[in-house]
Protein chains: 2
Amino acid sequence: MDFFIDATDNNARACTIKTSHSTIKTPVFMPVGTAASVKSLDTVDLRDILQTQIILANTYHLYLRPGDNVVKKLGGLHGFTGYNRSFLTDSGGFQAFSLSDISKANERGIEFQSHIDGSKHFFTPQKVLDIQYNLGSDIMMILDDLVALPATKERLALSVDRTTRWAQESIKYHKKMQAQGIGTNQNIFAIIQGGTDYEFRKKSAMELTALDFDGFAIGGLSVGEENSVMYNTVEFTTPFMPKNKPRYLMGVGTPEDLVECIDRGVDMFDCVMPTRNARNGTIFTSFGRLNIKAAKYKLDQNPIDEACSCYTCQNYTRAYLNHLYRAKELTYYRLASIHNLHYYLTLMKEAREAIEKGEYKAFKKAFYARRQS
Amino acid sequence: MDFFIDATDNNARACTIKTSHSTIKTPVFMPVGTAASVKSLDTVDLRDILQTQIILANTYHLYLRPGDNVVKKLGGLHGFTGYNRSFLTDSGGFQAFSLSDISKANERGIEFQSHIDGSKHFFTPQKVLDIQYNLGSDIMMILDDLVALPATKERLALSVDRTTRWAQESIKYHKKMQAQGIGTNQNIFAIIQGGTDYEFRKKSAMELTALDFDGFAIGGLSVGEENSVMYNTVEFTTPFMPKNKPRYLMGVGTPEDLVECIDRGVDMFDCVMPTRNARNGTIFTSFGRLNIKAAKYKLDQNPIDEACSCYTCQNYTRAYLNHLYRAKELTYYRLASIHNLHYYLTLMKEAREAIEKGEYKAFKKAFYARRQS
């Protein structure tokens, strides 16, 4: 992976990440393709209509179905889906933790039950890398020890220490595998933990960034804490992350969250919000959120957002989308998802332009000024 | 509406229908867009990927939601959906009859309860035309008196007589409305009833074709009778239908049904089968039906059908579609629907070419020879 900083504006960064599959300009938002499909969209939508350079897929889901060995036989995620740009895969730890009725972490890893058939599984730092070698993702995330917030100091301390031990085990294993010719085009990111406690965040960041990872993520945020607490934690943490490697804030967030965290030095984001909210009728626009199912749109012949150049806004009215939503037509989900993802991706593109021009502060001000809701 | 017979081959016909929105080459299959949306597809899919010249929309559904007055305000079906080719709308009678818990036909029309909110409604021959004027469809179907099969001779006789009386009322009303400048670009088709009884079919056909309709449909078939009985009824009925007007077999059917009924002089078809079956995992191919959820496709890197040039077969493997189906991914529905509709539309195109060459018999033989299931 090549990484260049193209421009900075205070803490905000415009960077370029080159994987063996694509060139990614940051700040970047990565649409979430949980089961190797961004819900309701196909590969052509992602490549040609949305022009994404990187999407995320979930290790937990693909390990359980169709199985990472199946994906490997079909040419990895790229061959399987036909999406020939970059994939980032998470470690599966978050889903093992959140989707399973029974999930137990011990020193060796995380035991969990499949949400599909109840079968028992055990994720270790090595196991989740083996799965990701099979998936063939461009960026792999290592197993970390997640804690629900609020957590006791003892649990946070254990999480940070265990995450570091697992990171050491992961990087050692990855180097060994690469020496054997496995995962040579795959990059590996570690995940900083520590909840909203500054000392723990600092400790986790210092310990992990001492190891030879290709990039670093901030995990364990956006789990119910106040926005300001999340922003402060990010602001506190990024200075401890190396300048010459990508910084990824996992599972975040709203458009406001992205704008704020770019300002605090984050390069990469992922979140189900644009696609999930689309399916629930919440549409993101330059002037804020719009509830497409509202009766007031029944006769509205305008596009969702006059300022939007997306496929959906070029072709359909609010009235038609309102009808499709109310009639529960499958067509609705794709059109709304395209719009919301276009909004997120365009916001990132505009943020980058502002950083390049040294106008991020003005960009942020204009972003808030336009919003009515 | 202009209508030309371009070629015939025994009873099979290759015709051209020109509405004010598009030129339709027959035999034609019309995808069903019940609530002004062919399920999972958008207008661009229909226009650019599938290149349909005509689709069907349901009067009953659109009358109830969003309301035909709403559709009218939004520019009729063409303005509402952005699909600027032809629409055929049914009369709503079939849905009032089949979707409503309580449905009563009397001499004036059909009383029914909405399947959405239980509200009571009454469809009369004039009412369903008024709705279709609001929808602005290119081809309107008149209200007919449907009967479930098997039916008594008395009920069939009543159905045929009532259908004729309603047809007289419909054509009179339509001429009056057109004289007032309403529905001047809209065409009106009558529906021949009579179950599988030849005498009733003949009577219905004779009485209706004496009236000045733009085209004629055969209704009340494909409701559970044996295939051979349906084919025989169609074969018996088409000679009583005028040569110089389109012949439409409503709600039919399988690829085999289409091939057989083209041979018996039918020009137009519609059916939910390709889209509904797609959603249920049944895929149509040149070699017969394929159950995409079968375990044997889990590692199959071939497209659905090597012989198929559709968007889905050009971009995706059976293995990926098998996975998307099993994971219940929304993306699956669109990809499978595109393939099945492409299959139906291509079958019609090939049938037309065969008729033009006077080779329909050989085409039919080859069609069956290729099928394994």
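Residues numbered from 1 in each chain as written. Chains lettered and ligands numbered in written order. Predicted model: local features only at pLDDT ≥ 70, side-chain atom pairs only at ≥ 80, totals over all residues. Heavy atoms only, no water.

- By the naming in UniProt, chain A goes by Queuine tRNA-ribosyltransferase and is assigned to Nitratiruptor sp..
- The Pathway field of the UniProt record for chain A holds the comment "tRNA modification; tRNA-queuosine biosynthesis."
- Turning to chain A, the UniProt record has this under Subunit: "Homodimer. Within each dimer, one monomer is responsible for RNA recognition and catalysis, while the other monomer binds to the replacement base PreQ1." (UniProt positions renumbered as here; feature names shortened; annotations may be inferred.)

**What to know about the overall build of chain A**
Here comes step 1: When helices and strands are tallied, chain A shows 15 helices and 16 strands.
Here comes step 2: In terms of C-alpha radius of gyration, chain A reaches 20 Å, essentially the compact-globule figure of 21 Å for 373 residues.
Here comes step 3: Over its C-alpha atoms, taken along the principal directions, chain A stretches across nearly 60 × 45 × 40 Å.
Here comes step 4: Taken over 373 residues, chain A has a buried fraction of 61%.
Here comes step 5: Of the contacts made within chain A by residues no fewer than 6 positions apart, 67% connect residues no fewer than 24 positions apart. (Helix = DSSP H or I, 4+ residues; strand = E, 2+ residues; numbered from the N terminus. Rg over C-alpha atoms; globule rule 2.2 N^0.38 Å. Buried < 20%, exposed > 50% of the residue type's maximum accessible area, 1.4 Å probe, protein only. Contact = heavy atoms within 4.5 Å.)

**Digging into the pairing of strand 11 (residues 187–192) of chain B**
All names here are of chain B.
Here comes step 1: Counting buried positions along strand 11 yields six of six residues, so the element is predominantly enclosed.
Here comes step 2: On strand 11, burial covers both faces: Asn187, Phe189 and Ile191 on one face and Ile188, Ala190 and Ile192 on the other are all buried.
Here comes step 3: Both strand 10 (residues 139–141) and strand 11 contribute to a ladder of three bridges, which runs parallel. The residue bridging Met141 from the neighbouring strand is Phe189, located in strand 11.
Here comes step 4: What joins strand 10 to strand 11 is helix 7 (residues 153–179), and the crossover it makes is right-handed.
Here comes step 5: Two strands pair when backbone bridges link them, and strand 11 and strand 12 (residues 215–218) are joined in this way by four bridges, in the parallel orientation. Its bridge partner being in strand 12, Ile192 is matched across the sheet by Ile218. (Pairing = 2+ DSSP bridges. Right-handed = clockwise from strand over helix to strand, strands pointing away.)

**Some words on the UniProt feature "binding site: substrate" in chain A**
All names here are of chain A.
Here comes step 1: As annotated by UniProt and renumbered to match this structure, "binding site: substrate" occupies Asp90, Ser91, Gly92, Gly93, Phe94, Asp144, Gln193 and Gly220.
Here comes step 2: Within the structure, the side chain of Ser91 is placed 3.1 Å from the backbone nitrogen of Gly93, a separation counted as a polar contact.
Here comes step 3: Structurally, Asp144 is set in the loop between strand 10 (139–141) and helix 7 (153–179).
Here comes step 4: A residue is classified by how much of its surface remains accessible, and Asp144, at 4% relative accessible area, is buried. (Polar contact = N/O pair within 3.5 Å; in protein donor to acceptor, adjacent residues only side chain to side chain.)

**Let's talk about the packing of helix 9 (residues 227–237) of chain A against helix 10 (residues 255–262) of chain A**
Residue and element names in this part refer to chain A.
Here comes step 1: Look at helix 9 against helix 10: their axes get within 10 Å of each other, and the N-to-C directions meet at 30 degrees. Our classification of the angle between helix 9 and helix 10 gives roughly parallel. Crossing angle aside, the handedness with which helix 9 passes helix 10 is right-handed. In contact with Asn227, Met230, Tyr231 and Val234 of helix 9, helix 10 contributes Glu256, Asp257, Glu260 and Cys261.
Here comes step 2: Considered class by class, the residues forming the contact of helix 9 with helix 10 number four nonpolar, one polar and three charged. (Axes fitted to C-alpha atoms, helices over the stretch in contact; angles between N-to-C directions. Parallel < 35°, antiparallel > 145°, perpendicular 65-115°, else oblique. Left-handed = near helix turned anticlockwise from the far one by under 90°. Nonpolar A, V, L, I, M, F, W, Y, C, P; charged D, E, K, R; others polar.)

**Re the pattern of salt bridges**
Here comes step 1: A full pass over the atoms with the stated rule returns 50 salt bridges over all chains.
Here comes step 2: A salt bridge links Asp197 of chain B to Lys153 of chain B, with the shortest nitrogen-to-oxygen separation between them at 2.8 Å. Linking Asp197 of chain B in the loop between strand 11 and helix 8 (198–209) with Lys153 of chain B in helix 7, this pair joins segments that are 44 residues apart in sequence.
Here comes step 3: Residue classification places Asp197 of chain B among the buried residues on the basis of a relative accessible area of 17%.
Here comes step 4: On the basis of relative accessible area, Lys153 of chain B is assigned to the exposed category, the value being 52%.
Here comes step 5: Between Asp212 of chain B and Lys245 of chain B there is a salt bridge, with the nearest N and O atoms lying 3.7 Å from each other. In this pair, Asp212 of chain B is assigned in the loop between helix 8 and strand 12 and Lys245 of chain B in the loop between helix 9 (227–237) and strand 13 (247–249), connecting sequence segments 33 residues apart.
Here comes step 6: Given the relative accessible area of 45%, Asp212 of chain B is considered partly exposed.
Here comes step 7: Residues joined in a network through salt bridges with shared partners are Asp42, Asp45 and Arg334 of chain A together with Asp42, Asp45 and Arg334 of chain B. (Salt bridge = Lys/Arg side-chain N within 4 Å of Asp/Glu carboxyl O.)

**What to know about the relation of the copies chain A and chain B**
Here comes step 1: In the superposition of chain A on chain B (RMSD 0.0 Å, axial shift 0.0 Å), the rotation amounts to 180 degrees. The symmetry that links the two subunits is that of a two-fold axis. No C-alpha of chain A approaches the rotation axis more nearly than that of Leu330 of chain A, which lies at 3.8 Å.
Here comes step 2: The share of interface residues of chain A whose copies in chain B are also at the interface is 100%, consistent with both copies meeting through the same surface. (Least-squares fit on C-alpha atoms with pLDDT ≥ 70 in both.)

**Structural notes on the domain arrangement of chain A**
Residue and element names in this part refer to chain A.
Here comes step 1: Domain assignment breaks chain A into domain 1 (2–270) and domain 2 (272–372).
Here comes step 2: Of note, the centres of domain 1 and domain 2, computed from C-alpha atoms alone, are 26 Å apart.
Here comes step 3: Across the boundary between the two partners, domain 1 contributes 35 residues, which contact 33 residues of domain 2.
Here comes step 4: Here domain 1 meets domain 2 over a buried area of about 2700 Å², counting both sides, of which 69% is carbon and sulfur.
Here comes step 5: Three residues, Phe29, Pro255 and Val259, lead the burial of domain 1 against domain 2; their summed loss comes to 22% of the area buried on that side.
Here comes step 6: For the pair domain 1 and domain 2, the number of links is six salt bridges. (Domains from an automatic or database assignment. Buried area = accessible area lost by both parts, 1.4 Å probe.)

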